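Structural overview
So the chains spell out like this:
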Amino acid sequence: MSIYERSKAKSITADRAKIRSIVQSSMKEMANIVGSTLGPGGRCVLIERDGLSPLVTKDGVTVAKTLGVANAEANVIIEAAKEICLRTAKSAGDGTTTAIILASAITEHGLDFLEKNPKYNPQRMVSELNDLYSTIIVPFLKQHAKPVRERHELINVAKISANGDSVIAAAAVEAVIAAGEDGQVLIEEEDSDGIRVETIDGCIVTSGLKDLGSIGLVFINDRGGQQAKMDNGLVFLYDGTMNDLKVPAVIQTALEGTEDYGKPIMVFAHGFSDVVLSKFAQTTKGGYSVIPVKTPMGGVANSRSMFLFDMAAYTGARVFDPGNVDMLISDDEVEEGFGHFETAKVNLFETFLTADTSSDEGKERIDARIAELKSIMQVAPNDRERMFAKAAISKL
């Protein structure tokens, strides 16, 4: 048995008539397939998936991503055309099907025009199309655009993607309104019938007791739920790894003699040595809950530190590091140093906590952090860091 490998040899086509035929036929074929999903009367497409059940969808960008043909020359055109859908989805979030249909029409009529005017520079045609777009099309669309604000208007828009299904459209609008402009909406499949919309208020951290190793099970105080549960406690944020007992000692010294002494504490840090974990475990067994949680990895540089500043905005805590942690034990820094949570649950794989952000100060903290993240997103050097900042905004 031989394994198929794509040949490094390239087929070079220089014949203009043949190139024109390949481009037009490939674009038309893609537009016909993706275009079949357009609008409320659009048809669903059944897509084969390796190792999974077939996917039924009428999402244009999903259909476009899966397209491919056996002919190498035609496949190059289709792969190039996919960028139209992907860039449209990235910049606008919708309209991918319309974009590929327009691209097919522009390609067909553009090639016809250039064939009838062989001396016309193709780059000049592209430049003129761009000018028409900015000077005529965009002003026309803005002039005739209708603002959509009311709930029933949003449902009418949602029904287009829902194939006219009012129940699905109403659920989608309810979820989007609940999440807000920068919020996050997650879709999950269920075996049962019907559609449910659940709103989760709080912060979910993708790090749990399992990340602490075998000692993590010691912190469980809810055996039935296999989790650590706490109410009305403090949050301590440390931008570093706790290698010795210095930071735990600072925390204890700062709280002694205050009204917060004895409250449960959640400690977020990049890592904990075995000595520190043992100290926290002993304290927790003694009835004074201190639950360590590792900051989650985000896949981008400095993601752990960014998480801590997000948590600071949510809980009102201050982010300490090895250089300034001693400031916590000065009298005027104790109240500002710790954040507060209302409820917290730390299971084996996730941490969930809620904090009160209804005060003017809480809202200002979150608004300021969101503005900061939006600035980071604008100057991010790549898509991964932009998506990370966007996800952080949605969580806040």
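Use the structure listed above.
Residues numbered from 1 in each chain as written. Predicted model: local features only at pLDDT ≥ 70, side-chain atom pairs only at ≥ 80, totals over all residues. Heavy atoms only, no water.

A look at the packing of helix α12 (residues 360–379) against helix α13 (residues 383–395)
One can describe the packing of α12 onto α13 by two numbers: an axis separation of 9 Å at closest approach and a directional angle of 165°. Between α12 and α13, the crossing angle belongs to the class labelled roughly antiparallel. Crossing geometry of α12 relative to α13 is assigned as left-handed. Contacts from I370, L373, K374 and M377 in α12 reach R386, A389, K390, A392 and I393 in α13. In terms of residue class, the contact of α12 with α13 is made up of 6 nonpolar, no polar and 3 charged. (Axes fitted to C-alpha atoms, helices over the stretch in contact; angles between N-to-C directions. Helix = DSSP H or I, 4+ residues; strand = E, 2+ residues; numbered from the N terminus. Parallel < 35°, antiparallel > 145°, perpendicular 65-115°, else oblique. Left-handed = near helix turned anticlockwise from the far one by under 90°. Contact = heavy atoms within 4.5 Å. Nonpolar A, V, L, I, M, F, W, Y, C, P; charged D, E, K, R; others polar.)

So, a nonpolar patch on the surface
Among the surface-exposed residues, L102, I106, L129, L132, Y133, I136, I137, F140 and L141 lie close enough to one another that they form a single nonpolar patch of about 890 Å² accessible area. Among the secondary structure elements, those contributing two or more residues to the nonpolar patch are α4 (96–116) and α5 (122–144). A per-element tally of the nonpolar patch places α5 first, with 7 residues. Structurally, the position occupied by L132 is in helix α5. (Patch = residues over 30% accessible without salt bridge, like charges linked within 9 Å, V, L, I, M, F, W, Y side chains within 5 Å. Areas by Shrake-Rupley, 256 points an atom, 1.4 Å probe, with all protein chains shown as cover. Salt bridge = Lys/Arg side-chain N within 4 Å of Asp/Glu carboxyl O.)

Comments concerning α12
With 20 residues, α12 ought to run about 28 Å at 1.5 Å a step, and its terminal C-alpha atoms sit 29 Å apart, in line with that. Of all the positions in α12, only G362, I366, R369, I370 and L373 are classed as buried. Here the buried residues of α12 occupy an arc of 105° about the axis, which is enough to place them on one side. Opposite the buried face of α12, at more than 90 degrees from it, the exposed residues are D360, E361, E364, D367, Q378 and V379. For α12, the elements touching its buried residues are α10 (303–315) and α13. (Expected span 1.5 Å × (residues − 1). Buried < 20%, exposed > 50% of the residue type's maximum accessible area, 1.4 Å probe, protein only. Arc of directions from axis to C-beta.)

Things to note about the environment of T57
Mapped onto the secondary structure, T57 falls in strand β2 (residues 52–57). For the pair T57 and A344, spaced 287 residues apart in sequence, the C-alpha to C-alpha distance is 38 Å.

What about the packing of α4 against α5?
Viewed as axis vectors pointing N to C, α4 and α5 meet at an angle of 135°, and their least axial separation amounts to 11 Å. Here α4 is positioned oblique relative to α5, judged by the angle of their axes. In terms of crossing hand, the pair formed by α4 and α5 is right-handed. Of the residues in α5, those touching α4 at I106, G110, F113 and L114 are P122, M125 and L129. Residue classes in the contact of α4 with α5 are distributed as 6 nonpolar, 1 polar and no charged.

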